[in-house]
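Below are the chains, spelled out letter by letter.
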Amino acid sequence: MKVIVWCFSFVILSGWGYSQTYEQYFALTEKHYSTFPDSCIYYGEKALKLTTDKREQANAQYYIAASYKKQNNLAQAATYYLKTLALFRELKDDKKISNVMLDLGIIFRKGYAFQKAINIYQDAAKIKKRIGDNQLLAGAYRNIAMSYRLLGKYDSAMRYNNMALKLYMSSGNDSRVSRVLNEIGRIYTDRGNYDLAIDHYFQSLEADRNNSRKAKTYNNVGYTYLQMEKPKQAKDYLLKSFELKDGKELHYVANNLARVYLKEQNADSALYYLAMVKDYPVSEEMIYTTQLLADAYEIMGDHDSRNQLLDRSIELNVELMQINESNERRYAFYQLESALYKYQRDKRDERIYWFNFSLAGLGLLVVILAFIQLRKYLATKKAKASIISDLENLK
């Protein structure tokens, strides 16, 4: 008996220690997510090894994916998001499914697969609308709008921005209102309606009471003035953006400032800003940086460096094409997962339908039998009453 008790206690304590270890590693994963993506990934992987619970696995993988996204490692981020999505689908957690879809859409958008990003955002928007998550529904609309703008489909972009703006304004979310106004400004800039663009950027600045997006808005104002051939005003706003030291905007601001200085034939100042971003990851903006560097060296008369940089820009274009090919494969996997989930859901719904249909049939049968029994009872009662009446008449 003592041996049995000891074994039982050992199992309970081992399970408790196992659970606590996962929780400890997951707590560290959450703790390091905001500031140290590498540590978040490390502890997330540790946590994954200590659990077979699907929800715990999904939660750990979600943080790992988000950390890779922060590092701009799109391939690893997409891999973990797809794994996470499959698990949340098994758990039938619509809120988490749609959250992962929104993040996965960002990965495809950053990888320049804009139409694929739109398809995923629209899938997410359907779920968000169904479950009444209006804030993230607005976020889905805003991301759809951004992707349409990047595809040059401005009417669609404007329609979705207005849908997002309406939801954000109804909830009093000033920060998000500011973002959408900024995005509408970008549409007007891309269309060449520069005065309307500037007007919306200033509306965005006014709505952004927490100054969370000032660097981006100043950069957009500067870029628009550049397009208007007003380099002095452009430089004023671009330097304001640069002074805010927003890492997310640095690449765009540096390229735009380099454009201003190249217009002034000031190659040294252009190179100063381009040097800050010349080793960034492969992107369309990086290709543009390389071309601007080539222009700067041409002004300086260094034709060898110019030619090397132009060759490099061709290599970067090839690398970008390879990224898009990878996105094709990832999206194919996403579609496969989506089709499988829809098939499983439809089968489940079909089973529920037939179960409900069977219950309804059974209920109807019970009602019919009860009605038959009631008629028999009433007939019997009537017959008894008739017999009693006949007996009384005989007396």
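Before reading further, recall that the structure is shown in the block above.
**Quick look at the nonpolar core**
Of all hydrophobic cores here, the largest spans 90 residues; its most connected members are Tyr81, Met101, Leu104 and Tyr334. Top element by residues in this core is helix H4 (residues 74-90). It accounts for nine residues. Once you skip the residues sitting within four places of it in the chain, leucine 104 turns out to touch Ala78, Tyr81, Leu82, Leu85, Ile120 and Tyr334.

**Quick word on the side chain of threonine 51**
Position of threonine 51 relative to the elements: it lies in the loop between helix H2 (37-48) and helix H3 (54-70). Its relative accessible area of 5% is what places threonine 51 among the buried residues. A polar side-chain atom of threonine 51 sits 2.4 Å from a polar atom in the side chain of glutamate 56.

**Topic: the packing of helix H5 (residues 94-110) against helix H6 (residues 114-131)**
Direction vectors running N to C along H5 and H6 enclose 160°, while the axes themselves pass 8 Å from each other. Of the possible angle classes, the one that applies to H5 and H6 is roughly antiparallel. Taken as a pair, H5 and H6 cross one another with a handedness that is left-handed. On H6, the residues that touch Asp94, Lys95, Ile97, Ser98, Asn99, Met101, Leu102, Leu104, Gly105, Ile106, Phe108 and Arg109 of H5 are Phe114, Lys116, Ala117, Ile120, Tyr121, Asp123, Ala124, Ile127, Lys128, Arg130 and Ile131. Partitioned by chemical class, the residues of the contact of H5 with H6 number 13 nonpolar, three polar and seven charged.

Conventions used here
- Residues numbered from 1 in each chain as written.
- Predicted model: local features only at pLDDT ≥ 70, side-chain atom pairs only at ≥ 80, totals over all residues.
- Heavy atoms only, no water.
- Core = buried A, V, L, I, M, F, W, Y, C linked by side-chain atoms within 4.5 Å.
- Buried < 20%, exposed > 50% of the residue type's maximum accessible area, 1.4 Å probe, protein only.
- Helix = DSSP H or I, 4+ residues; strand = E, 2+ residues; numbered from the N terminus.
- Contact = heavy atoms within 4.5 Å.
- Polar contact = N/O pair within 3.5 Å; in protein donor to acceptor, adjacent residues only side chain to side chain.
- Axes fitted to C-alpha atoms, helices over the stretch in contact; angles between N-to-C directions.
- Parallel < 35°, antiparallel > 145°, perpendicular 65-115°, else oblique.
- Left-handed = near helix turned anticlockwise from the far one by under 90°.
- Nonpolar A, V, L, I, M, F, W, Y, C, P; charged D, E, K, R; others polar.

Take it as geometry only, folks, not as evidence of what the structure does.
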